[in-house]
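The chain contents come next:
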Amino acid sequence: MKKQSFIGGKAAISFLLLLLLASRPALVAQEIVDAVILTKFRETVNQLKSELESKPGCDPYGVRTSMRVVLKEGATATVYEQLPEEGLRAIMNEFISSQQFERFDMDERLIFWNRNGFFISSAGLTGRTLAPDPREFEVVANEYSERISVNGVFKQLIIHTHSIAIVGKPDDGAILSTLKYYTKDGGIATWDHRTWKSIDPHVAYVRVGPGNDNTNSRKGDDRFERTSVSEITISNQFNPGHYLPKIKFRDCVQDFTDPERFEEFEGIVKTTEQVSWADFKELKDGTVVPLTRLKASSITAPDFVSYFSTGNRVQGFIRDETGNPIQGKAIVVLEPMFSPGPEKKEVESLPGGMYEFEEVESGVYKVYVEGREQNFTRVEVCNCPIKDEGPNDTYEADIRFAVTYDVYVTCRGAKGGSYEVVWRNVRIAFMDNEDDIPIYESDYFETGETGFDDDDIEGLSGESDDGPLIIEIDPDPEFVSHRIMPPYKINIPGYGIETYYSDVESATPEAIRINMDGFTRIRPGIDAVNHFYIHRTWDFPELHVDFSIDFMSPEGFQLMSGAQAADGGLAFGFKWERLDDDILEKLKRGEEASKSLTNFYGDRMTVRFSPNQ
């Protein structure tokens, strides 16, 4: 970055100002001289500030300004010692505040020096610097000459100003530290492989000052170095400055670079020698630089106590498709998504679907119901400070138990004949409290169509099908349909409430085989008597399974077969009065279940619920 030197030309004071100086008392003349001095000093400081702002990423480490004023009468020159120090301090404080030097001081805090006609101020990294290279500095140097009258005698006021900002830095500094973590009981221990049984973590130290925290702070360029056991050694990459750590481990990143919260981890890299600011070299372009060549220091930062910990908790609920906790129990698995790492954990959920894992090490995991790994939930047990997570924290992770079933029905006649059909992707869901099941009002309810007001379908979505439960809306003139997900209730005026715990993609089952005399296919369409329900009805309140299959002969004859809660005249009717408790519990857990039935004629039927993986 090329630096410039600004040597200002002579500027005469206005004629009006000369008249004022010649006609007013000495006290007034001094006030005007002070105003001239402050104006020229501010001009120099503003020039430096403009130079810094015009170069994106120019992040000064420190600034030093100086002023010397000489009064010259003829051949005689004397130093002007009555400098307006209060005003000079105010100008510098304004600039220093804009660059945040007071927050991230380095070798010196703010210094003002006013003696024998010299005013000097410094902030940040000013007493130490780099090499005799103009690219390391921003320099503004001016000489102003003003002709004034003091008590009727004309004199020449010569003002020398000089500002230099250190913007280049050595980058060979090193940071050493010791990495620690939190044990399950909240204690602090030195990092060791025996505990973590994993690859080594990676650590970066990020510069957070001094200066204006701009892109020269290397934001976005954090160089993570792999640690060796507990010792952190990062060499030959640090500028002088304030540094705070980050750490990556097991797909987690913990960020401790907020200086307001994590000052106890801060490491300050400095330079190794003191520069004599009296030893300058003026280059051909007028730039003035000190001559000393320096290096960044190697430091030992405070112990880095990361938030990685071994006593975290992961807990939550197993929920069905509707978002409600399941009623039964299930085995829940917590499995690391990193390797090598701890063994996966298993725990049985409580009734109502709640589960909890204790003593979980930091890392990224997947949690799922046993046998349903494809429906896992990702859990980032990362103890991340910027997310306000602490060590040994508790993490909530619900598991969506979105299981669908293929329901197979196999029937063998006592006198011959058989068939096998399947309803694909049957959704089955229950709620702990029946009173929590949503209820919908219906003006009419028939197989294939159910009427609702617009307000009844708020929040519902899905595709319509030839199934029996469709909300139909006719909002003039467009026709819109929304499928309701189970469980839900339908209030049918004049009949009562029916509760449905299942939903099918198609009411017509798929025929796997049909071997019955005279019947060769299943009759499709909304006019056919095909359905599959798990429900309670107004006329049979026990929870039961009800299904029907409408077989057809080439001549158009129908033969219905199925199961229902009471005898209903099906030619191959099978009575299934209530859903068995053991089958209900298995369905709540998403497990396979089956039921065998025999009808009046001695025919045998098997209904098998096969969960989709």
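Residues numbered from 1 in each chain as written. Predicted model: local features only at pLDDT ≥ 70, side-chain atom pairs only at ≥ 80, totals over all residues. Heavy atoms only, no water.

Within strand β35 (residues 496-500), four of the five residues are buried, which leaves it mostly tucked inside the rest of the structure. The sheet contact formed by strand β34 (residues 488-492) and β35 spans five bridges and is antiparallel. Residue Lys 489 lies in a different strand from β35, and its bridge partner there is Thr 499. Connecting β34 to the next strand, β35, in antiparallel fashion are three residues, including Gly 494 with a positive phi near 90°. Across two bridges, the pairing between β35 and strand β39 (residues 531-536) is antiparallel. Residue pairing across strands places Tyr 500 opposite His 535, the latter belonging to β39. (Buried < 20%, exposed > 50% of the residue type's maximum accessible area, 1.4 Å probe, protein only. Helix = DSSP H or I, 4+ residues; strand = E, 2+ residues; numbered from the N terminus. Pairing = 2+ DSSP bridges.)

On to the state of the cysteines, then. A complete count under the given rule lists one disulfide for this structure. Here Cys 252 is linked by a disulfide to Cys 382, with a sulfur-sulfur distance of 2.1 Å. Measuring the twist about the S-S bond at about -70°, one finds the Cys 252-Cys 382 disulfide to be left-handed. Highlighted residues: Cys 252 in strand β13 (residues 252-255) and Cys 382 in the loop between β24 (377-381) and β25 (394-396), separated in sequence by 130 residues. In this structure Cys 252 comes out as buried when scored by relative accessible area, which is 1%. (Disulfide = S-S within 2.5 Å.)

Applying the stated criterion across every chain yields a total of 30 aromatic pairs. Seen from their ring centres, Tyr 181 and Trp 191 are 5.9 Å apart, and the 80° between their planes marks the pair as edge-to-face. Of the two residues, Tyr 181 sits in strand β7 (residues 173-182) while Trp 191 sits in the loop between β8 (188-190) and α4 (193-196), which places them ten residues apart along the sequence. Trp 191 matches Tyr 181 in its accessibility class, with the two residues each being buried. Considering the side-chain rings of Phe 256 and Phe 304, the 5.2 Å spacing of their centres and the 85° angle between planes classify their relative orientation as edge-to-face. On the criterion of sequence distance, the pair formed by Phe 256 in the loop between β13 and β14 (267-269) and Phe 304 in strand β18 (residues 304-309) is long-range, its members being 48 residues apart. We classify Phe 256 as buried; its relative accessible area is 0%. Using a relative accessible area of 0% as the deciding quantity, one classes Phe 304 as buried. In this structure an aromatic cluster arises from ring pairing among Tyr 182, Phe 256, Phe 262, Phe 265, Phe 304 and Tyr 307. The ring of Phe 376 is capped by Lys 366, whose NZ or CZ atom sits 5.5 Å from the centre of that ring. (Phe/Tyr/Trp six-rings, centres within 6.5 Å; stacked < 30°, edge-to-face > 60°. Lys NZ or Arg CZ within 6 Å of the ring centre and 35° of its normal.)

As for its placement among the helices and strands, Lys 387 is situated in the loop between β24 and β25. Each C-alpha atom, one on Lys 387 and one on Asp 255, is 9.5 Å from the other, the two residues being 132 residues apart in sequence.

Turning to the pairing of β24, a few remarks are in order. Of the two faces of β24, only the one carrying Thr 377, Val 379 and Val 381 is buried; Arg 378 and Glu 380 on the other face are not. As paired elements, strand β23 (residues 363-369) and β24 share five bridges and run antiparallel to each other. Pairing of Lys 366 across the sheet is with Arg 378, part of β24.

To continue, consider the environment of Gly 186. Along the chain, Gly 186 turns up in the loop between β7 and β8. Owing to a relative accessible area of 40%, Gly 186 belongs among the partly exposed residues under this scheme. Taking C-alpha positions, Gly 186 is 7.8 Å from Gly 311, a pair spaced 125 residues apart along the chain.

A few words now on helix α5 (residues 581-589). Listing the buried residues of α5 in full gives Ile 583, Leu 584, Leu 587 and Lys 588. On an axial view of α5, the arc spanned by its buried residues comes to 140°, and they lie on one face. Against the buried residues of α5 lie β27 (404-412), β28 (418-428), β39, β43 (593-598) and β44 (604-611). (Arc of directions from axis to C-beta. Contact = heavy atoms within 4.5 Å.)

A few words now on the nonpolar core. Among soluble globular proteins, nonpolar side chains are generally buried collectively. Counting 37 residues, the largest nonpolar core has Phe 532, Ile 534 and Phe 609 as its most contacted members. The set of elements that each furnish at least two residues to this core consists of β27, β28, β39, β40 (544-552), β41 (558-564), α5, β43 and β44. Per element, the largest residue contribution to this core is five residues, and it comes from β28. If sequence neighbours within four positions are ignored, Phe 609 has contacts with Tyr 405, Asp 406, Val 407, Ile 428, Phe 532, Ile 534, Trp 576, Ile 583, Leu 587, Glu 591, Glu 592 and Ala 593. (Core = buried A, V, L, I, M, F, W, Y, C linked by side-chain atoms within 4.5 Å.)

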